[in-house]
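Residue-level structural notes
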Amino acid sequence: MRVEITSIADNVKIVRDAIAEAAAESGREPGDVTLVAASKTKPAEMVRQAIAAGVDAVGENRVQEFLEKREALKEYDPVWHMIGRLQTNKVRSIIDRVSMIQSADSVRLCEQISRCAGEKDVTAEVLAEVNIGGEESKAGVPPEGAERFIEEISRLPNLRVTGLMTVAPFTDDTELLRDMYKKMRKLFLDISSKNHDNVFMRHLSMGMTNDFKAAIEEGATMVRIGSGIFGGR
Ligand SMILES: *Cc1c(COP(=O)(O)O)cnc(C)c1O
């Protein structure tokens, strides 16, 4: 990829331009799509450059790594999202330090999120993670169980569901990917139309470096870009 020879600022610009193009394809404005820099394994200094280049949020996968980078980047105060699998015993250490947990995938985890949020007197914002490809190795609730899952967690007192997130299968079959993204969009609209109490379907987080344009064309409102900004891992 180009990323080894261009700067992070250049990469963010390239990604932003591609987002704008894809947004236009689906009749939307560039600003309708939130850009989350997925910074796992990348040092704080690189994350700082991405923040300076104007990414909307920074997404981390691991709690320890997140806490270290947050400390190192305190003065820049970016919006942090948790995007990786989260263990219940780690929730307490991040609950008032992230703006959003995109990887809510079990009732048990959400109960702990709500409990810890209550202790800190905050309302936790979560996305329901959906395993759209039905892969054994991927986190997320099955699509057919997503609405019931959301209904159940929406009753928790200190938690607010604001959308869906998915990590699609790794494949270059773009038609297959588009099909899955279409399914996600349909699920998003279906659940949205039910107007469940305490459910606010605002965010549809899907699309990574290799497929974010297709994801946006199919309705993503949030993309999570790692290697396209920071280079390969
Ligand atoms: C790593 C990661 C990304 C970004 O992946 P790239 O292919 O590097 O853009 C997005 N979402 C999640 C959950 C990730 O773990």
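So, here's what we can say about the structure. The structure presented is a predicted model; accordingly, all values stated were derived computationally and were not measured.

Turning our attention to unusual backbone geometry. The phi dihedral of Asp 77 falls on the positive side, at around 45°, and the residue is not glycine. The residue Asp 77 is located in the loop between helix 3 (63–72) and strand 3 (80–82) in this model. Not every positive phi belongs to a glycine, and Asp 121 is a case in point at roughly 60°. You can see Asp 121 is positioned in the loop between helix 5 (107–119) and strand 5 (124–130).

Now for the nonpolar core. Residues Leu 164 and Ile 229 are the most contacted members of the largest nonpolar core, which totals 67 residues. In this structure, Leu 164 is in contact with Leu 127, Ala 128, Val 130, Ile 150, Met 184, Leu 187, Phe 188, Met 201, His 203, Leu 204 and Ser 205, ignoring residues within four places of it in sequence. Counting residues in each nonpolar core, the second largest holds seven residues, with Ala 57, Leu 127, Met 165 and Met 222 among its members.

Time to look at helix 2 (residues 44–52). Considered for burial, the residues of helix 2 that qualify are Ala 44, Val 47, Ala 50 and Ile 51. Summarising the axial view, the buried residues of helix 2 lie within an arc of 115°, below the 170-degree limit, and thus occupy one face. At the C-terminal side of helix 2, Gly 54 shows a positive phi close to 95°.

Let's shift gears to the pairing of strand 6 (residues 159–166). The element strand 6 is extensively covered by neighbouring structure, given that seven of its eight residues are classed as buried. Strand direction decides the pairing type here: strand 5 and strand 6, joined by six bridges, are parallel. Bridging from a neighbouring strand, Glu 125 pairs with Arg 160 of strand 6. The parallel pair strand 5 and strand 6 is bridged by helix 6 (residues 146–153), and the resulting crossover is right-handed. As paired elements, strand 6 and strand 7 (residues 199–205) share four bridges and run parallel to each other. Residue pairing across strands places Val 161 opposite Val 199, the latter belonging to strand 7. Since strand 6 and strand 7 lie parallel, the crossover through helix 7 (residues 174–193) that links them has a hand, and here it is right-handed.

The rules behind each value
- Residues numbered from 1 in each chain as written.
- Predicted model: local features only at pLDDT ≥ 70, side-chain atom pairs only at ≥ 80, totals over all residues.
- Heavy atoms only, no water.
- Helix = DSSP H or I, 4+ residues; strand = E, 2+ residues; numbered from the N terminus.
- Core = buried A, V, L, I, M, F, W, Y, C linked by side-chain atoms within 4.5 Å.
- Buried < 20%, exposed > 50% of the residue type's maximum accessible area, 1.4 Å probe, protein only.
- Contact = heavy atoms within 4.5 Å.
- Arc of directions from axis to C-beta.
- Pairing = 2+ DSSP bridges.
- Right-handed = clockwise from strand over helix to strand, strands pointing away.

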